[in-house]
Amino acid sequence: MLKTVLPYLLTGIAVGGQYALIAIGYTMVYGILRLINFAHGDVFMVAGILMVYIMASGLPLYISIPLVLLLTAAIGFVIERIAYKPLRSAPRMSIMISAIGVSYTLQNLVLYITGGLNKSYPKIPFISESVSIFGVNTKMVTLITPVLTIVLVVALVLLINKTKIGMAMRAVSKDFETSQLMGIKINNVISVTFIIGSVLAGVGSILYFTNYNTVIQTSGAMPGLKAFVAAVFGGIGSIPGAVVGAFIIGICENLIKGLDIILFKAGLTNTSYGLATFSDAFTFALLIIILIVKPTGLFGEKITDKV
Amino acid sequence: MSMLEVRDLIVSYGGIEALKGISFDVEEGNIVTLIGANGAGKSTTLRSITGIVPIQSGSITFMGEDITRMDTQKIVSKGIALVPEGRRVFSNLTVLENLRIGAYLRKDKADIQKDIDYIYSLFPRLKERNWQLAGTLSGGEQQMLAVGRAMMTRPKLIMMDEPSLGLAPLVVKDIFSIIKTLKETGITVLLIEQNANAALHAADIGYVMETGNITLTGTGAELLASEDVQAAYLGKSSK
């Protein structure tokens, strides 16, 4: 029984970690700008494409990975400065539409460069290797992802709670104007937020595409949406919420993918219902349910404005 | 030369002139108050001095330097602090963090700690609540924190926007004694109040604002004695 469930569980945990790394970008940007950054999934995809081209140029891995992360950070920074900063005092709908525009721009750019062909993702030594755990064969990346995710999340939480820039981020997320009165340059703080979110999405993309092998211009859409649901599920604006939500979604999704086999092996059924089809639907059904039952999510704060 | 000189300041919101060309001075070491009814433009005046509200025309000079249209962050670094209306403490930060964030631009770590200790000696209640989130404080405590936070910027001029608003009478008394303490420590205070009586008692100089104009000026005592002020703001009959 365990042998049947374990592969799905392991993949679920890994995918959950990858969603978590994307979801943090959504939740942090929302926390500070109250913006659903629809371009975030595409930044994740672009990080994947960058890796393809940079590795193809023959650069060694220890340069390629930092370079990919650096460029991803730069893309996040530039997007914010060009597409969102000029709309700082515009209605929230305008900036959201701008985000959708950025999303399509990135996709079309990549379409133009790649010609719309699936690019095969480079094999990264060590994390692409196969490994056997409790008799289950999987890739190293499956085991590394949750560990790396947790390490990065802990580092991020420490940054936010213990450093000066972290304090500024919390202040800005609460009150732009008063933060300015403290001498905080809010644009810098917002840039830092986008940079952190993009770098984490970059790390996520390395892990994710190592698992899925190919990148195409629409590759960011589904993981982006899933991560967004994870952020809403966990309570948008909350980092622990996004991480927990991402792991729950990743695990559930993959268990559903294997549900037919699991049920069969458990002797509960002897026909296949094709339940795996519903793994994506599950995530979005979860979104609808959470929005109805607890719109603030698992860890979301209730916003009570004192007048 | 005055510490702060405001000249012919015009500020508009969406086509409506909130300030119609006001001029006033704040002398170093004084408590200066702007009094007036709701919508007279008092808050707008303070907000335009800090650069939060865009200025249409006119000039603002601080310590001999033109600060008109300077970035808020730069203005703060020149030594102007604003204690905003409604206190606006960072409710998601602890009391200590709220004080630390006031010192955001400062690099002198040792002095920052000294200043925190000094503020805690002024407001022992805050020290007790050091690790509490500021959102859990009472209104009076939040006001103390907002003043402490402003003091952490090491300002030469503190501007206070309705510090007594919504506070119990006893707490209001505390707030005004704090304002006097600020003056004693050499900080200049520009105070906005609806509580005209208390403000004028504390103030060296007062200005009366009405719908975007300054209509009267004088020492605190003169304005208290003025029949117009008494009738309009102190609730006394002009007979």
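Data block above holds the structure.
For the structure given in this document, a descriptive report is provided here. Sequence order sets the numbering: in each chain, residues are counted from 1 along the sequence as written. Lettering for chains starts from A, numbering for ligands starts from 1, and both go in the order in which the items are written. Given that the model is predicted, a residue must reach a pLDDT of at least 70 before its local features are reported, and side-chain atom pairs must reach 80 or more before they are shown or counted; all residues, however, enter totals for whole chains, interfaces and linings.

Comments concerning the overall build of chain B
Looking only at helices and strands, one finds ten helices and ten strands in chain B. Over its C-alpha atoms chain B spans a radius of gyration of 18 Å, differing by no more than 12% from the 18 Å that the globule rule assigns to 239 residues. Summarising its shape, the C-alpha atoms of chain B cover approximately 50 × 40 × 35 Å along the three principal directions. Buried positions account for 46% of the 239 residues belonging to chain B. The contacts of chain B with a sequence gap of at least 6 include a subset with a gap of at least 24, amounting to 64%. Put simply, DSSP H or I for four residues or longer makes a helix, DSSP E for two residues or longer makes a strand, and each gets a number counted from the N terminus. This radius of gyration counts C-alpha atoms alone. The globule rule is 2.2 Å times how many residues there are, raised to the power 0.38. Buried, partly exposed and exposed are defined by the number of other C-beta atoms within 10 Å of a residue's own C-beta, namely 20 or more, between the two limits, and 12 or fewer respectively, with C-beta atoms placed from the backbone. The contact criterion used here is simple: two residues whose C-beta atoms, placed from the backbone, lie within 7 Å are in contact.

So, the environment of Ser138(B)
All names here are of chain B. On the secondary structure map, Ser138 appears in the loop between helix H5 (124–128) and helix H6 (139–151). Ser138 gets classed as partly exposed once you count the C-beta atoms within 10 Å, which come to 13. Each C-alpha atom of the pair Ser138 and Leu167 lies 9.5 Å from the other, and the pair is 29 residues apart in sequence.

Digging into the interface of chain A and chain B
In this complex, chain A contributes 14 residues to the contact, which on the side of chain B involves 20 residues. Elements that contribute at least two residues to the side of chain A that touches chain B include exactly helix H6 (164–174) and helix H7 (176–181) of chain A. The biggest single contributor to the side of chain A that touches chain B is H6(A), with five residues. A breakdown of the residues in the side of chain A that touches chain B according to their chemical character gives six nonpolar, three polar and five charged. Gly counts as polar in this scheme, as do all residues outside two lists: the nonpolar Ala, Val, Leu, Ile, Met, Phe, Trp, Tyr, Cys and Pro, and the charged Asp, Glu, Lys and Arg.

Some details on the sheet that holds strand E7 (residues 157–161) of chain B
Residues and elements named next belong to chain B. Across the sheet, six strands lie side by side as E6-E7-E8-E3-E9-E10; this open sheet has mixed pairing. Looking at strand neighbours, the two that pair on one side only are strand E6 (80–83) and strand E10 (213–219), the edges of this open sheet. This sheet shows a mean twist of 15° between the axes of neighbouring strands, independent of strand direction. Bridging between E6 and E7 involves four bridges; their strand directions are parallel. Across the sheet, the residue bridging to Ala81 is Ile158, located in E7. For helices, the fitted line uses only the C-alpha atoms of the stretch in contact; every axis is such a line through C-alpha atoms, and the angle between N-to-C directions lies from 0 to 180 degrees. In the packing of helix H7 (residues 169–184) onto the sheet, the strands contacted are strand E3 (31–36), E7 and strand E8 (188–193), and the crossing angle to E8 comes to about 155°. The rule for pairing is simple: two strands pair if DSSP sees at least two bridges between them.

Brief notes about unusual backbone geometry
Residues and elements named next belong to chain B. In the Ramachandran plot, Asp8 falls in the positive-phi region, its phi being about 50° despite a non-glycine side chain. Even without a glycine there, the phi angle at Arg88 is positive, about 50°. By the secondary structure assignment, Arg88 is in the loop between E6 and helix H3 (95–102). Given 19 C-beta atoms within a 10 Å radius, Arg88 is considered partly exposed.

Quick look at the packing of helix H2 (residues 40–56) of chain A against helix H8 (residues 186–212) of chain A
Residues and elements named next belong to chain A. At a closest axis distance of 8 Å, the pairing of H2 and H8 adopts a crossing angle of 55°. Comparing the axis directions of H2 and H8 gives the class oblique. Note on packing geometry: the crossing formed by H2 with H8 is right-handed. On H8, the residues that touch His40, Val43, Phe44, Ala47, Gly48 and Met51 of H2 are Gly197, Ser198, Ala201, Gly202, Gly204, Ser205, Ile206 and Phe209. Residue composition of the contact of H2 with H8, by class: seven nonpolar, seven polar and no charged. To sort the angles, those under 35 degrees are grouped as roughly parallel, those over 145 as roughly antiparallel, those from 65 to 115 as roughly perpendicular, and the leftovers as oblique. For a crossing to be left-handed, the near helix must be turned anticlockwise from the far one by less than a right angle; the clockwise case is right-handed.

Focus: the packing of H2(A) against helix H4 (residues 92–114) of chain A
Residue and element names in this part refer to chain A. Look at H2 against H4: their axes get within 9 Å of each other, and the N-to-C directions meet at 20°. It follows that H2 is roughly parallel to H4 by the angle criterion. Our pair here, H2 against H4, has a crossing hand that is left-handed. Contact residues: H2 offers Asp42, Met45, Val46 and Ile49, while H4 offers Ser103, Leu106, Gln107, Val110 and Thr114. Residue composition of the contact of H2 with H4, by class: five nonpolar, three polar and one charged.

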